[in-house]
Amino acid sequence: MCGIVGYIGKKTAQDVLLTSLKRLEYRGYDSAGIATLDDDNQPQLARAVGKISELEQVVQQAPHAGHLGIGHTRWATHGGVTTVNAHPHHVGDIWLVHNGIIENYKDLKAELSDVDFASDTDTEVLAALINREYTAGVKLQDALAKALKRVRGTYGVAVFSPREPEHIVVARLGSPLVIGVGQGETIIASDASALLGYTREAIYLNDGELAVCSRDNVDVFNLNLQHLNAHAETIQGDLAQIQKGGYDHFLLKEIMEQANTLQNTLSGRIDPQAGTMRLGGTNLSPQELKTLRHIVIVGCGTAYYAGLLASYYMEQLIPDITVEVVIASEYRYRSFHLPAHSVALIVSQSGETADTLACLREIKKRGTKTLGIVNVVGSTIAREVDGGTYVHAGPEISVASTKAFTAQVVAMLMFAGMVAESHGGNKALISELTQELAMLPAEIDNTLKTHQQTIEQLAKKYAKFDDALYLGRDTAYPVALEGALKLKEVSYLHAEGYASGELKHGPIALVDETFFEVFDILDNWLFEKSIGGLHEVRARGGKTIVFTNATDKDIEADDIVRLNTPIKHLAPLLLNNLQQLFAYYVAVQRGNDVDQPRNLAKSVTVE
Ligand code: AGP
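Residues numbered from 1 in each chain as written. Predicted model: local features only at pLDDT ≥ 70, side-chain atom pairs only at ≥ 80, totals over all residues. Heavy atoms only, no water.

## Some details on helix H4 (residues 122-133)
The end-to-end C-alpha distance of H4 is 17 Å, a good match for the 16 Å that 12 residues give at a rise of 1.5 Å each. In terms of burial, H4 is a largely internal element, 10 of the 12 residues being buried. Taken residue by residue, H4 has Asp122, Thr123, Glu124, Val125, Leu126, Ala127, Ala128, Leu129, Ile130 and Glu133 as its buried positions. Buried positions along H4 lie against strand E5 (89-91), strand E6 (94-99), helix H3 (105-111), helix H5 (140-148) and strand E7 (155-160). (Helix = DSSP H or I, 4+ residues; strand = E, 2+ residues; numbered from the N terminus. Expected span 1.5 Å × (residues − 1). Buried < 20%, exposed > 50% of the residue type's maximum accessible area, 1.4 Å probe, protein only. Contact = heavy atoms within 4.5 Å.)

Dropping the structure here:
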């Protein structure tokens, strides 16, 4: 979603701002802008609709010379995608970029009836509110704190004023802000990846905090302007991780690197010889583990589907436990009750998803322990949960989530294995799954490399269709849902996922020669039933693709991709890898912006 950057130091601000904004491109945006202060304290503004490259052209025509500035990538919420609505906004001496939503902006705007607003944004209203407080003699941080106390909603803001050229003031509530502490320079961003290459030391601002950032100093306060102790932490990761590394797109890179990233997820957590798995960081005592009776898994989109797949394994592994998987945007508003001895797994790649974060807070209010299954280190969810684990998939830049899905499922599986052990669960199954986890990275690598070309050819054949159904049973069902989501996200094809058993209850009405159907078929006790669905579709003229791990069984379909792998229980993850490649190549065929699909944002920080 929207991205914020800011810079004060010795370098030319426009260069740092544009480089950092490019690092945030993956979050999804529709316009961008920067505002800088030159050495004579004259503000300069550049904004453009479209990609950062459009903004660069505007800047090239009128370069900015100053050493202080703020920048923004906007994902429109209030007001259309226009240059005037793009950030930064300014009212009087207040220059501002903002992530989040000012919910009471209409009321505030009514109060500010003397202001001639140029845009339709809630952000400009906030700028006007700060400006009203910024009267003679008042410091910028006082005006900002006072204004923010009037605001209902969420914000990450960076503000400067030509009257105070020695600093930028930032604040956050529900929208991330990281302050990079460099040598004689301070870099601000809504995402630590934008700081890489400048500094590794960063202060993660907490909700309700405000910071005054100068070249050599960062002072953190609460909104009552009481000074707080803030500590810089070391940012993990490096520049190479956020570059394409020879691939045409981040999406392909992230699909293909899953074998390596999964090694990081597994590292030190499985013991194939002993047949055991262990996930550190959960902060659950042996007693809490033993008495656990209920697990609720919370997520959105791909994270939700990862939870759904993990729940099947949990039920198989842990005999005396109930597992429910919920969509965060629904659950947060339900009158839910969690029984004693529950734990909530909060699943999020970015760790910033607004709905998931809201659920986490609701669950905590009810006194249930929350554990994060999070990828981005230092993210808000990771900081607010009671315990949990990082999935260590590395930076996921492409908007469509791929390697995080695999890592999330595996992390939750290891959690389940650990709980199962303390519940006297099926030892043989725990051991089999541990062996499969140990083999999984190599099998992922093998699957992707063996089938890459075939899938590319398949994509060429099916890219001309406009509709698809994905069908699967049991553990292949969440995979079907995820396959359909991936295809629609990046190819813009209409795709729906269903449990195969549901086919006759409605979706079969859609089957004709204009649709194609993807069947995820596992070689297990439900094989014959899955094949039944396939026949029903073929009998009605549907074009069918089968992804399966059945190597020696007769299957009739238009196209079949057979995995040849010793992996059984975890084969759904390999089927999913095939689907990821398929979605990627269909998107390429259709000439889409693969890494930044239209209308989508990587990190959905608004409701
Ligand atoms: C995945 O491809 C999607 N872009 C989206 O569904 C995503 O998984 C969802 O928004 C949740 O994000 P999170 O994992 O960062 O919380």
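## Here's the deal with the sheet that holds strand E23 (residues 467-472)
Pairing between sheet strands relies on hydrogen bonds along the backbone, with the strands arranged either parallel or antiparallel. Pairing within the open sheet is parallel, and its 5 strands lie in the order E24-E23-E25-E26-E27. Since the sheet does not close on itself, it has two edges, and those belong to strand E24 (494-499) and strand E27 (559-562), each with one partner. Across this sheet, the average inter-strand angle for adjacent strands is 15°, counted without regard to direction. In this structure, strand E25 (residues 515-521) lies alongside strand E26 (residues 543-548), joined through 6 bridges in parallel fashion. By the bridge assignment, Phe519 is partnered in E26 with Val546. Taken strand by strand, helix H15 (residues 476-491) contacts E23, E24 and E25, and its axis lies near 175° from that of E24. Sheet contacts for helix H16 (residues 527-539): E25 and E26; angle to E25, the most-contacted strand, approximately 170°. (Pairing = 2+ DSSP bridges. Axes fitted to C-alpha atoms, helices over the stretch in contact; angles between N-to-C directions.)

## Overview of empty space enclosed by the protein
One pass over the full model with this rule turns up 2 cavities of 30 Å³ or more. Of the voids in this model, the largest cavity is the one considered here, and its volume is about 110 Å³. If you go around the largest cavity, you meet 15 residues; those closest to its centre are Cys2, Trp75, Thr77, His87 and Gly100. Going through the elements one at a time, E6 and H4 are the ones with two or more residues in the lining of the largest cavity. Class assignment of the residues belonging to the lining of the largest cavity gives a composition of 4 nonpolar, 9 polar and 2 charged. Considering only enclosed or pocket space, the second largest cavity measures out at about 30 Å³ in volume. A per-class count over the lining of the second largest cavity returns 4 nonpolar, 2 polar and 3 charged. (1 Å grid on protein atoms, 1.4 Å probe; cavity = no way out; pocket = protein on both sides within 12 Å on 5 of 7 lines; lining within 4 Å. Points joined across faces, edges and corners; volume = space filled by probe spheres on them. Nonpolar A, V, L, I, M, F, W, Y, C, P; charged D, E, K, R; others polar.)

## Description of the pairing of strand E3 (residues 43-49)
Here strand E2 (residues 31-37) pairs with E3 via 7 bridges, running antiparallel. Across the sheet, Thr36 pairs through a bridge with Gln44, a residue of E3. Following E2, the chain reverses through 5 residues before pairing antiparallel with E3; Asn41 in that reversal takes a positive phi of roughly 65°.

## Some points on the domain arrangement of the protein chain
Once the domains are mapped, the protein chain shows domain 1 (3-235), domain 2 (246-425) and domain 3 (446-593). Between domain 2 and domain 3, the contact holds 22 residues from the first and 25 residues from the second. Of the roughly 2,100 Å² buried between domain 2 and domain 3, counting both surfaces, carbon and sulfur atoms make up 72%. Taken as a group, Met256, Tyr305 and Tyr312 account for 25% of the area that domain 2 buries against domain 3, more than any other trio of residues on that side. Taken together, the links from domain 2 to domain 3 amount to 0 salt bridges. Our count for the domain 2 to domain 3 interface comes out at 7 residue pairs in polar contact (both at pLDDT 80 or more). Per-element accounting of the side of domain 2 that touches domain 3 gives the leading share, 7 residues, to helix H9 (residues 301-317). Residues belonging to the side of domain 2 that touches domain 3 are distributed by class as follows: 14 nonpolar, 7 polar and 1 charged. (Domains from an automatic or database assignment. Buried area = accessible area lost by both parts, 1.4 Å probe. Salt bridge = Lys/Arg side-chain N within 4 Å of Asp/Glu carboxyl O. Polar contact = N/O pair within 3.5 Å; in protein donor to acceptor, adjacent residues only side chain to side chain.)

## Some details on the pattern of salt bridges
One pass over the structure, following the stated rule, counts 30 salt bridges. Among the salt bridges present, the one from Lys602 reaches Glu396, with a minimum N-O distance of 2.7 Å. In this pair, Lys602 sits in the segment after helix H17 (571-589) while Glu396 sits in the loop between strand E22 (387-390) and helix H13 (403-422), placing the two residues 206 residues apart along the sequence. Of the two residues, Lys602 and Glu396, neither departs from the other in class, the shared state being buried. Across the pair Glu536 and Lys504 runs a salt bridge whose closest N-O atoms are separated by 3.8 Å. With Glu536 in helix H16 and Lys504 in the loop between E24 and E25, this residue pair connects regions lying 32 residues apart in the sequence. Via salt bridges that share partners, Arg172, Asp207, Arg361 and Glu384 belong to a single interconnected network.

## Remarks on unusual backbone geometry
Residue Pro88 is reached from His87 by a cis peptide bond, and omega for that bond is -5°. The residue Tyr492 is not glycine, and still its phi comes out positive at about 65°. Tracing the chain through its elements places Tyr492 in the loop between H15 and E24.

## A word on the state of the cysteines
Covalent bonding between the sulfur atoms of two cysteines defines a disulfide. Applying the stated criterion to the full structure yields 0 disulfides. Unpaired in this structure, Cys2 has its nearest cysteine sulfur neighbour in Cys300, at a distance of 17 Å. Since its relative accessible area comes to 10%, Cys2 is described here as buried. (Disulfide = S-S within 2.5 Å.)

## Some remarks on the sheet that holds strand E20 (residues 342-348)
Here we have 5 strands laid out as an open sheet, ordered E19-E18-E20-E21-E22, and parallel in their pairing. Since the sheet does not close on itself, it has two edges, and those belong to strand E19 (322-327) and E22, each with one partner. Looking at each pair of strands side by side, their axes are set apart by 15° on average, direction ignored. Strand direction decides the pairing type here: strand E18 (residues 294-299) and E19, joined by 6 bridges, are parallel. From the neighbouring strand, His294 faces E19, where its bridge partner is Thr322. Lying over the sheet, helix H11 (residues 354-365) contacts E18, E20 and strand E21 (369-374), oriented at roughly 165° with respect to E20. Strand contacts of H13: E18, E20, E21 and E22, with the helix running at about 160° to E20, the strand carrying the most contacts.

## Side note on the site of the ligand
Near the ligand, the surroundings consist of 15 residues, among which Ser348, Gln349, Ser350, Thr353 and Glu489 are the closest. Backbone polar atom of Gln349 to an oxygen atom of the ligand: 2.6 Å apart, as the coordinates give it. Within the side chain of Glu489, one N or O atom sits 2.6 Å away from an oxygen atom of the ligand. A total of 410 Å² of accessible area belongs to the ligand in isolation, and the protein chains cover 91% of it. When grouped by side-chain class, the residues that make up the shell around the ligand number 6 nonpolar, 7 polar and 2 charged. When residues are assigned to domains, the shell around the ligand turns out to be shared by domain 2 (246-425) and domain 3 (446-593), each giving three or more. (Near = heavy atom within 4 Å. Areas by Shrake-Rupley, 256 points an atom, 1.4 Å probe, with all protein chains shown as cover.)

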